[in-house]
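Results of the structural survey
Here is what each chain is made of, one letter per residue.
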Amino acid sequence: MKKICLKNTQIIAIIALITALFSFLLTMTVSAEEALITLTGTSAQSDSPNVQIDGSIVTIAKSGTYTVTGTLDDGQLVVNPADDQDVTVILKNVTIHNSTGAAFAALEGKTVEIVLSDDSVNAFTDGTDYVFPDAETNEPNAAVYSKPDLVISGNGTLNITGAYNDGLSSKDTLTIKGGTINVTAADDGIRGKDGLTIDGGTITVDAQDDGLKADEVDNAEKGWIKINGGTITVSAGDDAIKAETTLDINGGTIEILTSYEGLEAYDININDGEIRVT
């Protein structure tokens, strides 16, 4: 067997390489862990340097996964990652009320996902009067508001009361994959401006205006609603389900208790599912 001899400089270089690799793997492991945010009534606590706490305003400032628990009596959970990438927020029995604005506000990010932890009951509520950070745009303007694409998943419960305007609203697309979601709203119940997809879950909406809505008017490829599954119950002062362009119903169970018009869209395609109007 041939004997291999290494010089001291080579040994040092190898050790340095191994150390660097170990540090990299350790960093990857730590960054992959979930950051914990504990709401404490009037403020919050977190060990993550990517969570900014200013009184009762809690801001997630970097992409990643964050588990939130506890209560804010009068405050706001903000998603505003500086790197503009994906953020996942896992809710474990979270209650947030904001008397002057949105209880949950996703301002930036590629896609924001709210995961309803198993067996958890979560609630977001707002007041009847808002104080907007930017008076010219009048946003955020819903109890749960998202500027980027928003996804809701999981098996827990989310109760939303929009006393000022909409209950649950995304300016881009909104996708609901699961969970029990109950929305009461002074205006629209659930709104995905560019598009709304419902793949599953048990959804109950009581809205003074439209129940489910997609209302992008400047792009013919947007403003659509796709219902692929789930159990949906709607009471609406105006339209129960309203799409600006196309409404595709491919599955699920829809029950419309009250409305001015049940289904409204430029094109309505009912391919599967069950629809009841009472």
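From a predicted model like this one, the values you see are computed outputs, not experimental measurements. (Residues numbered from 1 in each chain as written. Predicted model: local features only at pLDDT ≥ 70, side-chain atom pairs only at ≥ 80, totals over all residues. Heavy atoms only, no water.)

So, about the overall build of the protein. Scanning the protein for helices and strands turns up 1 helix and 26 strands. For the protein, the proportion of its 278 residues judged to be buried stands at 44%. Within the protein, residue pairs in contact and separated by at least 24 positions form 47% of the contacts whose partners lie at least 6 positions apart. A total of about 13500 Å² of accessible surface is found on the protein, and carbon and sulfur atoms cover 50% of it. (Helix = DSSP H or I, 4+ residues; strand = E, 2+ residues; numbered from the N terminus. Buried < 20%, exposed > 50% of the residue type's maximum accessible area, 1.4 Å probe, protein only. Contact = heavy atoms within 4.5 Å. Areas by Shrake-Rupley, 256 points an atom, 1.4 Å probe, with all protein chains shown as cover.)

Okay, the packing of aromatic side chains next. Per the stated rule, a full pass over the model turns up 4 aromatic pairs. Ring plane angle 55° and centroid distance 5.8 Å describe the contact between F104 and F124, whose orientation is recorded as tilted. Of this pair, F104 sits in strand β8 (residues 104-106) while F124 sits in strand β10 (residues 121-126), placing them 20 residues apart in sequence. Their ring planes at 15° and their centres at 4.2 Å tell us that Y130 and Y164 sit as a pair that is stacked. You can see Y130 sitting in the loop between β10 and β11 (142-146) and its partner Y164 sitting in the loop between β13 (157-162) and β14 (166-170), a full 34 residues away along the chain. What makes Y164 partly exposed here is its relative accessible area of 32%. (Phe/Tyr/Trp six-rings, centres within 6.5 Å; stacked < 30°, edge-to-face > 60°.)

Turning next to the pattern of salt bridges. Side chains bearing opposite charge may pair, as long as their charged atoms lie close to each other. With the rule as written, the count across this model stands at 9 salt bridges. Measuring nitrogen to oxygen at the nearest pair gives 3.6 Å for the salt bridge that ties E108 to K147. Of this pair, E108 sits in the loop between β8 and β9 (111-116) while K147 is found in the loop between β11 and β12 (149-154), placing the two residues 39 residues apart along the sequence. The class for E108 is partly exposed, based on a relative accessible area of 30%. Of the charged contacts, one joins D188 and K213 as a salt bridge, the two residues approaching to 3.2 Å between their closest N and O atoms. In this pair, D188 is assigned in the loop between β16 (180-185) and β17 (190-192) and K213 in strand β20 (residues 212-214), connecting sequence segments 25 residues apart. (Salt bridge = Lys/Arg side-chain N within 4 Å of Asp/Glu carboxyl O.)

To continue, consider the nonpolar core. By size, the foremost hydrophobic cluster in this structure holds 55 residues, and its most contacted members are I37, L39, F104, F124, L168, I190 and L212. Of the residues forming this core, the biggest block, 5 residues, is contributed by strand β7 (residues 87-98). In this structure, I190 is in contact with L168, L174, I176, V183, L196, I203, V205, G211, L212 and K213, ignoring residues within four places of it in sequence. (Core = buried A, V, L, I, M, F, W, Y, C linked by side-chain atoms within 4.5 Å.)

As summarised here, the arrangement of the 10 strands in space is β3-β4-β6-β8-β11-β14-β17-β20-β23-β25, forming an open sheet in which the pairing is mixed. Sheet topology places β3 (51-54) and β25 (261-264) at the edges, where each strand pairs with a single neighbour. When the angles between neighbouring strand axes are averaged without regard to direction, this sheet yields 15°. Of the strand pairs in this sheet, β8 and β11 are connected by 3 bridges, and their pairing is parallel. Residue pairing across strands places A106 opposite S146, the latter belonging to β11. (Pairing = 2+ DSSP bridges. Axes fitted to C-alpha atoms, helices over the stretch in contact; angles between N-to-C directions.)

What follows covers the environment of E255. Looking at the secondary structure, you find E255 in strand β24 (residues 246-258). Measuring from C-alpha to C-alpha, the distance between E255 and T278 comes to 7.5 Å, with 23 residues separating the pair along the chain.

Below, the discussion takes up the side chain of D194. Here D194 shows up in the loop between β17 and β18 (195-198). You can call D194 buried: its relative accessible area is 9%. When residues no more than four places from it in sequence are discounted, the contact partners of D194 are K171, D172, T173, E216, K222, G223 and W224.

In this section: unusual backbone geometry. The omega torsion of the bond from E139 to P140 falls at 0°, within 30 degrees of zero and hence cis. Structurally, P140 is set in the loop between β10 and β11. One non-glycine residue, N93, lies in the positive phi region at around 60°. Here N93 shows up in strand β7. Positive phi values are uncommon outside glycine, yet D119 reaches one of about 65°. Note on placement: D119 falls in the loop between β9 and β10. We classify D119 as exposed; its relative accessible area is 75%.

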